[in-house]
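Coordinate analysis (summary)
This is what each chain is made of:
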Amino acid sequence: MNYNAPEKGRPFEEILKELDTFGVNDPDYKNARTWSLVYYLNEEYTNFLQDAYGKYFSANGLNPTAFKSLKRLEKEVLRFTADLFHVDYSACGVMTSCGTESCMLAVKTYRDHGRSRGIKKPEMIIPETAHVAWDKGAEYFTVKVRRAPLAEDWRVDIKAVEKMINKNTVMILGAAPEYPHGIIDPIEELGELALKHKIPLHVDACVGGYILPFIEKAGKELPLWDFRVEGVTSISADIHKYGFAAKGASCIIYRNVDYFKHQVFVNESWPGGVFASPAFLGTRPGGAYAAAWAAVQANGIEGYTALAKRTIEITEALKKGITSIDGLEIIGEPKASLFAYRSTSPNINMFSVGDLMEAKGWHIDRLQKPDALHAMVTAPHEKVVEQYIADLKECVAYAKSHPELADEGQAATYGMISHIPLRGMVRKQVLDMFADSYRLDAEELDLSDSSSMTPGSGQEGKKSIVDKAISWYVRKKSAKASK
Ligand SMILES: *Cc1c(COP(=O)(O)O)cnc(C)c1O
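Residues numbered from 1 in each chain as written. Predicted model: local features only at pLDDT ≥ 70, side-chain atom pairs only at ≥ 80, totals over all residues. Heavy atoms only, no water.

1. Description of the pairing of strand β6 (residues 232-237)
- In terms of burial, β6 is a largely internal element, six of the six residues being buried.
- Strand direction decides the pairing type here: strand β5 (residues 201-204) and β6, joined by four bridges, are parallel. Residue pairing in the sheet places Val 203 in a bridge with Ile 235 of β6.
- Of the crossover connections in this fold, the one passing from β5 over helix α8 (residues 212-217) to the parallel β6 is right-handed.
- One ladder, built from four bridges, connects β6 with strand β7 (residues 250-254); its direction is antiparallel. (Buried < 20%, exposed > 50% of the residue type's maximum accessible area, 1.4 Å probe, protein only. Helix = DSSP H or I, 4+ residues; strand = E, 2+ residues; numbered from the N terminus. Pairing = 2+ DSSP bridges. Right-handed = clockwise from strand over helix to strand, strands pointing away.)

Right, here's the structure in full:
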């Protein structure tokens with residue numbers, strides 16, 4: 001029997017060396033080649049966070065009465081956050097393990113708050129651009145999602161939101177900013193709606209929470225989005241993003257404890273003891289809270305403000321460089337440090353540009369509806385701005401003169417995923433492929449092999465992927481009908 005483990009334990013040093021070899025093909029975030037996923041400053045800072053994390057590595061935040069140290073660390077991080085968001089300490093909150101957990105908790109909280117007021121078929125209204133964590137929460141907690149369309153300026157359409165409000169609405173959502181295009185929703189207007197209809201309003205500041213306040217401190221005017229807006233009842237913010245903490249740390253803060261009570265789980269009858277838990281996790285990682293606290297202490301208000309200022313300057317330089325390339329434009333008017341850009345010409349396929357940029361070593365997210373490329377900017381990107389723009393210019397020119405690239409590599413896969421009108425089919429394809437990739441005997445997921453995503457496995461030659469998929473669908477339908 002092979003246990004996929006050595007018979008005898010190996011020396012620590014040898015194991016650590018081998019671990020290093022696993023990462024050689026990972027995205028090169030240390031040289032600022034990534035534009036999502038990683039918030040990294042430098043090695044010295046990272047080592048410092050690791051030390052802080054290590055000090056509470058084994059401590060467990062499950063029970064707030066056992067490790068008083070962790071409760072204190074958590075509370076101090078939350079108080080700092082409350083200060084940033086302009087709410088006094090009658091607010092309450094909890095640290096969670098990620099933005100998704102914070103968002104999903106809000107769904108659970110407002111569902112149960114709605115239930116307590118007799119709502120049996122809860123609905124929530126979220127902008128078209130809201131993070132998928134909200135759909136995930138809705139699916140897990142059986143809340144109906146109503147996606148409100150965007151206005152021309154890419155912010156959620158207030159009139160549409162108001163039309164969607166009904167007696168089953170348990171919460172409204174706005175983002176500051178939304179992740180895909182970095183646009184801040186009209187939180188003040190949403191706040192007025194929330195007050196008028198007496199519905200809770202959550203602001204998803206997962207990505208913006210620890211940079212927008214400092215952009216403002218650096219002197220740039222921003223629309224109001226935090227607890228200064230009266231209707232806002234809660235805010236989620238990921239300190240493991242622009243707070244530059246270690247991964248595994250996010251916050252959710254409620255204006256008052258009455259809402260928060262609906263988040264808390266209590267079982268008073270368990271043989272293991274009376275049990276109360278504030279969030280999803282059972283065992284809660286003390287190290288993540290210690291590292292978050294350490295990050296706040298190390299940066300301070302000045303440090304974060306300086307970082308924000310630099311980051312915005314880099315972002316503006318990038319946007320300027322991108323718009324100077326013929327055929328590209330920035331989507332909407334993003335005010336924070338993330339944005340998306342798209343093609344204004346039918347001759348430039350953004351997914352082809354994405355593939356070409358990737359071949360040059362850049363790790364860039366692809367967006368759909370509309371097709372676009374994404375950038376989440378951090379201070380270390382300063383040293384790559386010029387290279388990025390130069391590479392982009394070259395890639396755009398190449399993509400323009402090589403339209404066939406759209407049917408190759410990842411571009412074909414992304415093109416198919418985003419353009420097929422038959423969303424149920426796309427969903428099934430993605431689900432099958434994704435689940436299969438978790439089989440223990442699976443090969444690595446490879447998006448550049450579009451045949452794995454292409455129904456009928458690409459026998460039809462150079463036809464467009466969309467045509468292929470539709471003809472596959474039609475064949476399938478008629479096969480069913482003739483049965
Ligand atoms: C990142 C993000 C989330 C989810 O956070 P995770 O830490 O990745 O789970 C939710 N909402 C927004 C707006 C985000 O940017």
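Here the narrative resumes.
2. Description of the pattern of salt bridges
- As enumerated under the stated definition, the model contains 26 salt bridges in all.
- Residue Arg 155 pairs with Asp 153 through a salt bridge whose shortest N-O separation is 3.0 Å.
- Assessed through its relative accessible area of 25%, Arg 155 is described here as partly exposed.
- Overall, Asp 153 belongs to the partly exposed group, its relative accessible area being 38%.
- Within the structure, one salt-bridge network assembled from shared partners comprises Lys 108, Arg 111, Asp 112 and Arg 115. (Salt bridge = Lys/Arg side-chain N within 4 Å of Asp/Glu carboxyl O.)

3. Details of the nonpolar core
- Grouped together as the largest cluster of nonpolar side chains are 65 residues, with contacts concentrated most on Met 95, Trp 225, Ile 239 and Tyr 242.
- The element contributing the most residues to this core is helix α10 (residues 286-323), with ten residues.
- Counting 29 residues, the second largest nonpolar core, distinct from the first, contains Ala 32, Phe 339, Tyr 341 and Ala 375. (Core = buried A, V, L, I, M, F, W, Y, C linked by side-chain atoms within 4.5 Å.)

4. What about the site of the ligand?
- Close contacts around the ligand come from 13 residues, with Gly 99, Thr 100, Asp 204, His 240 and Lys 241 the closest.
- In this structure, Thr 100 approaches the ligand through a side-chain N or O atom, which is 2.6 Å from an oxygen atom.
- One of the side-chain N or O atoms of Asp 238 is found 3.2 Å from an oxygen atom in the ligand.
- Compared with its free state, where it exposes 380 Å², the ligand has 87% of that area covered by protein.
- Of the residues forming the shell around the ligand, the biggest block, three residues, is contributed by helix α4 (residues 99-116).
- Its residues assigned to classes, the shell around the ligand shows six nonpolar, four polar and three charged. (Near = heavy atom within 4 Å. Polar contact = N/O pair within 3.5 Å; in protein donor to acceptor, adjacent residues only side chain to side chain. Areas by Shrake-Rupley, 256 points an atom, 1.4 Å probe, with all protein chains shown as cover. Nonpolar A, V, L, I, M, F, W, Y, C, P; charged D, E, K, R; others polar.)

5. Observations regarding the packing of aromatic side chains
- Summed over the entire model, instances satisfying the criterion amount to 22 aromatic pairs.
- Where Trp 35 meets Trp 362, the ring centres are 6.1 Å apart and the plane angle is 50 degrees; that geometry is what we call tilted. Of this pair, Trp 35 sits in the loop between α1 (12-22) and α2 (43-55) while Trp 362 sits in the loop between α11 (350-359) and β12 (366-367), and the two are 327 residues apart along the sequence. Here Trp 35 matches Trp 362 in class, with each residue buried.
- Ring centres 6.0 Å apart and planes at 45 degrees place the aromatic pair Phe 141 and Phe 280 in the tilted group. In this pair, Phe 141 sits in helix α5 (residues 132-141) while Phe 280 sits in the loop between β9 (275-277) and α10, placing the two residues 139 residues apart along the sequence.
- With a relative accessible area of 15%, Phe 141 lands in the buried category.
- Owing to a relative accessible area of 37%, Phe 280 belongs among the partly exposed residues under this scheme.
- Counting every residue linked through ring pairs, the aromatic cluster contains Phe 80, Phe 85, Tyr 210, Phe 214, Trp 225 and Tyr 304. (Phe/Tyr/Trp six-rings, centres within 6.5 Å; stacked < 30°, edge-to-face > 60°.)

6. Description of the confidence of the model for the chain
- Mean pLDDT over the chain stands at 93; residues scoring 70 or higher make up 93%.
- Across residues 455-464, where pLDDT falls below 50, the model places 19 contacts with residues more than four positions away in sequence or in other chains. (pLDDT = per-residue confidence, 0-100. Contact = heavy atoms within 4.5 Å.)

7. Thoughts on α4
- If you check α4, its first and last C-alpha atoms are 26 Å apart, about what 18 residues at 1.5 Å a residue would give, namely 26 Å.
- Along α4, 15 of the 18 residues are buried, which leaves the element largely enclosed by surrounding structure.
- Phi turns positive, to about 90 degrees, at Gly 118, one or two residues after α4. (Expected span 1.5 Å × (residues − 1).)

8. Digging into the sheet that holds β5
- Read across the open sheet, the seven strands follow the order β1-β7-β6-β5-β4-β2-β3; overall the sheet is mixed. At either margin of the open sheet sits one strand with a lone partner, and together these are β1 (92-96) and β3 (144-148). Adjacent strand axes in the sheet meet at a mean angle of 20 degrees, parallel and antiparallel pairs treated alike.
- As paired strands, strand β2 (residues 123-127) and β3 are joined by five bridges and run parallel to one another. Each bridged residue has a counterpart across the sheet, and for Ile 126 the counterpart in β3 is Arg 147.
- Here helix α3 (residues 68-84) sits on the sheet and contacts β1 and β7; the angle it forms with β7, its principal contact strand, is near 65 degrees. (Axes fitted to C-alpha atoms, helices over the stretch in contact; angles between N-to-C directions.)

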